[in-house]
Amino acid sequence: MNIKNNKISLPGSRSFRTYAVVLVYIVLMGIFMITAPRAFLDYKIYMAFLSTVPISLVMALGLTFVIIAGEIDLSFCSVMAFSGFIFTYIFINTGSTILAFIASLAAGAVAGFINGIIVAKVKVPSIIATLGTQFFWAGLAVVLSSGRSLIINEIRPSLLYKIFVGRIGGIVPAQAIWAFGIAIILSFILNKHRFGESVMFIGDNRETARMMGVNVDKTLIQIFMLSGVLAAFSSVLLACEMVTWWSTQGPGYLLITIAAVFIGGTSIYGGEGTIFGTVVGAFIIGSITAGIVASGVGGFWTQLVVGLVLLSAVFINTFISKRRT
Amino acid sequence: MNNSKNLVEMKNIHMCFGKVVALKNVDFKVGENEIVGLIGDNGAGKSTLIKILSGVFPPTSGEMYIRGKKISNRGYSVRKAHEYEIETVYQEKALGEKQSLWRNIFIGRQISNFFGFINVKKEKEETERIMKELIGFRGVGVSADSRVGKLSGGERQGIAIGRAMYFNANLIILDEPTAALSTKEVTKVLNFIRKIKESGRSCIYITHHISDTYSVSDRFVFIDRGEIIGEYRKNEISMEELTEKLLMVSARDSGKGDN
Ligand SMILES: Nc1ncnc2c1ncn2[C@@H]1O[C@H](COP(=O)(O)OP(=O)(O)OP(=O)(O)O)[C@@H](O)[C@H]1O
Ligand SMILES: [Mg+2]
């Protein structure tokens, strides 16, 4: 009987937290439907979200693992710029989308591996380590490209282009399916795989995780590699969607991606967080700009509103955590 | 002397944390089917010694043998210790606070398939069983899904001990497992240790309660400021003498502190 009691999601339970973020999203959409009915009652704007949000969402998924482990990755946006360069450069020079794709993911994996080594083995706090590699990879991308943009119109007829950013049924952007697919897989990995469990225990208490037999260093390296590979994958989606790569594409994604993870309820203290929350968080962030512009209040308001939403989401989460204990 | 084989043997162990020398020249062994009471004052080095044995960290120097086989200090780990059937209930930080009970029972040794995916249903069922049969939780509002953070100190220790019981190791190390327990629950732990003995396995029992350790241990090892200062078999010493020894050690310590 007490078992049944525990299954009910009372305020303060983990699932209530995820409801909270959905509630924020619904309220936001409700406001936009009132202030900009023309745009927000039309399905087209949601298709637009499905084409733009996946870029930051894919990175936010990797970042969720990093933050649950009690670490931070500030370099993913530069890794994205760098591996995007690798993708477009190799495609331009070889004409092979497959080669370009694999090389790009490999670049992301290497960048993540380096982060992981610096954090896990050299024991540099991740905020400093990844700040350093953020500058490094962004700088390398600028140096290698001489700051020029690369245009890849020739990629349009390729199969890879259709698979990654084609429109399913002429309407639904394929990248959304990829982002959701990855989210579902990662949600299983976080909740039902040994790796995900290790991530949560590491974020909860590193000493405990080690005493329980978790290979902390190895897992940390894997987490940063996951973040790197997902940044690379996101760079491929962006390069295909825009058929362009430009050297300064990274920084614009840094803060909105981090914000998406925190709005989604993942704890800065580590040990807990959900993939579902991050997905909703990414859509909240991704909708705000469009909503504000469509409401006619002017783009200047965007940052202010993002700030308010982030603060209220974090406030709700903190409030819930306090009630629980 | 006891001629039975040693389950584990540690030779000439040194352990430094920066400038702090936690263990000096320690020789320590546990025989097969032996219950060893490890006794010493606060900060004597008991937890440090057993953490080396259970693979949490390697010693600064020294050698370790398990069933006569030399263990490389570098290659040793908690996972390896589990493989050698060494199970530990740590004094502190034994559980992940924000995680559920079932995850805490199985972390590091999940019931999982070839691809590493956890059989959540099975783990939860086993956890419920462990709680009922091994720990004897009456379970007021506590289930396999409960998070450790909301448990009382005694319930936490119950979980940690239940985990050790469940994995049924050959050597079970208990580092002050009874600190937060009621008298009735302490009795349960002592009975568990007797069961370990009856089933032919071994145990290292660390506690500040001399009468507890006297009632279950075969041999007592005194450790003081990182050094082994005495070893007695149960038939060589009475409980009164044992208590006296410990008091003397404490007195010696405070005497030195005054100088
Ligand atoms: N990780 C560490 N870093 C630095 N010093 C440590 C560390 N762990 C233990 N020590 C020091 O080593 C000494 C022995 O500590 P240890 O925890 O082994 O004592 P103990 O015998 O278990 O004491 P208690 O009965 O209080 O649990 C102490 O002086 C302690 O401060
Ligand atoms: Mg101790």
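Values in this document were obtained by computation on a predicted structure and should not be read as measured data.

Engineer: I'd like a rundown of the sheet that holds strand β5 (residues 69-71) of chain B, residues and numbers included.
Structural biologist: Residues and elements named next belong to chain B. Spatial ordering of the open sheet is given by β2-β1-β4-β5, a layout of four strands whose pairing is antiparallel. Looking at the sheet topology across the chains shown, the edges are occupied by β2 (20-31) and β5. Neighbour to neighbour, the strand axes of the sheet diverge by 20° on average, direction disregarded. Sheet topology note: the strand β4 (residues 61-66)/β5 ladder contains three bridges and is antiparallel. Paired with Y65 across the strands is K70, a residue of β5. Across the sheet, helix α1 (residues 46-53) lies against β1 (6-17), β2 and β4, angled at about 120° from β1, the strand it touches most.

Engineer: Residues and numbers for the site of ligand 1, please.
Structural biologist: Residues and elements named next belong to chain B. G43, G45, K46, S47 and T48 are the nearest of the 13 residues found near ligand 1. Taking Q91, its side chain carries an N or O atom lying 2.9 Å from an oxygen atom of ligand 1. Between ligand 1 and E176 there is a distance of 3.2 Å, counted from an oxygen atom to a side-chain nitrogen or oxygen. Element by element, the count of residues in the shell around ligand 1 is highest for α1, at three residues. Here the residues of the shell around ligand 1 sort into three nonpolar, seven polar and three charged.

Engineer: Quick rundown of the coordination of the magnesium ion (ligand 2)? Include the residues and the values.
Structural biologist: Around the magnesium ion (ligand 2), the donor atoms from the protein are B:S47 (OG) and B:Q91 (OE1), and they sit 1.9 to 2.1 Å away. Pair noted here: B:S47 is in helix α1 and B:Q91 is in the loop between β6 (86-89) and α3 (101-106), with a separation of 44 residues, a long-range link.

Engineer: So what about the sheet that holds strand β3 (residues 35-39) of chain B? Which residues, and what values?
Structural biologist: Residues and elements named next belong to chain B. Read from one edge to the other, the open sheet built from six strands follows the order β6-β7-β8-β3-β9-β10, with strand pairing classed as mixed. At either end of the open sheet lies a strand with only one pairing partner, and these are β6 and β10 (227-233). Pairwise comparison of adjacent strand axes, ignoring direction, gives a mean angle of 15° for this sheet. Relative to strand β8 (residues 202-206), β3 runs parallel, the two being bridged by four bridges. When the bridges of β8 are listed, L38 appears paired with I206. With respect to the sheet, α1 is in contact with β3, β6, β7 (171-175), β8 and β9 (219-224), its orientation differing from that of β7 by roughly 150°. Packing of helix α6 (residues 183-198) onto the sheet brings it into contact with β3, β7 and β8, and relative to β8 it is tilted by some 150°.

The rules behind the values
Residues numbered from 1 in each chain as written. Chains lettered and ligands numbered in written order. Predicted model: local features only at pLDDT ≥ 70, side-chain atom pairs only at ≥ 80, totals over all residues. Heavy atoms only, no water. Pairing = 2+ DSSP bridges. Helix = DSSP H or I, 4+ residues; strand = E, 2+ residues; numbered from the N terminus. Axes fitted to C-alpha atoms, helices over the stretch in contact; angles between N-to-C directions. Contact = heavy atoms within 4.5 Å. Near = heavy atom within 4 Å. Polar contact = N/O pair within 3.5 Å; in protein donor to acceptor, adjacent residues only side chain to side chain. Nonpolar A, V, L, I, M, F, W, Y, C, P; charged D, E, K, R; others polar. Donors = N, O, S within 2.8 Å, 3.2 Å for Na, K, Ca; no water.

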